[in-house]
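# Structure assessment
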Amino acid sequence: MTSSRVEMTCLDHCRLTALINHAVAEDRLHFPDVKHLSALRQKLESALCRESADISPDVVTMGSTVLFREIDNGECWTFTLCYPEEANIFQDRVSVLAPIGTALLGQRVADRVDWPVPSGKVQIEIAEIVYQPEAAQRCDQLETIST
């Protein structure tokens, strides 16, 4: 079961808040981004922030590579959660502003979350965090938000 309050690093929280503020100020969001911006904002507002060294290795953070499965059909997917400018579906890099990116952020292994899709919602379960920058002590190497 998914908890209502997610955990994230203070650095991720700061960078994502800056991303939202910069995009809104510059009016640089495309329609799909705007549609999911409020979900990300809500997640940031209710998030429990922790220092990178204190974040559990089972939490999805920015830069994490996550293996998850659809509950209904068992299909598995692996994505790396990234900032919009780094997103590339052909490299399995999904933006935090995409519905699945926002859904995964701050969740834990074994959490079940709803993935908004055009036909409704698909329930997924986080099976494994294949890579997490904080656990690898490489969180300082994530791209920074350009302002």
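For the structure itself, consult the block above.
How each quantity is defined
- Residues numbered from 1 in each chain as written.
- Predicted model: local features only at pLDDT ≥ 70, side-chain atom pairs only at ≥ 80, totals over all residues.
- Heavy atoms only, no water.
- Pairing = 2+ DSSP bridges.
- Helix = DSSP H or I, 4+ residues; strand = E, 2+ residues; numbered from the N terminus.
- Axes fitted to C-alpha atoms, helices over the stretch in contact; angles between N-to-C directions.

The subject of this paragraph is the pairing of strand β3 (residues 65-70). Here is the key point about a regular strand: its side chains alternate between the two faces of the sheet. Pairing geometry for β3 and strand β4 (residues 76-82), over five bridges, is antiparallel. The residue bridging F68 from the neighbouring strand is W77, located in β4. Linking two consecutive strands that pair antiparallel, namely β3 and β4, is a turn of five residues; a positive phi of about 80° is found at G74 within it. Here β3 runs beside strand β7 (residues 120-131); their pairing, made up of six bridges, is antiparallel. Within β7, the position partnered with F68 by the bridge is I126.

As summarised here, the arrangement of the five strands in space is β5-β4-β3-β7-β6, forming an open sheet in which the pairing is mixed. One side of each edge strand has no neighbouring strand; the edge strands of this open sheet are β5 (93-95) and β6 (112-117). Direction aside, the axes of adjacent strands within the sheet are offset by 50° on average. Sheet topology places β4 next to β5; three bridges connect them, and they run parallel. The partner of L81 across the bridge, within β5, is V94.

Nothing here speaks to function; it is geometry throughout.
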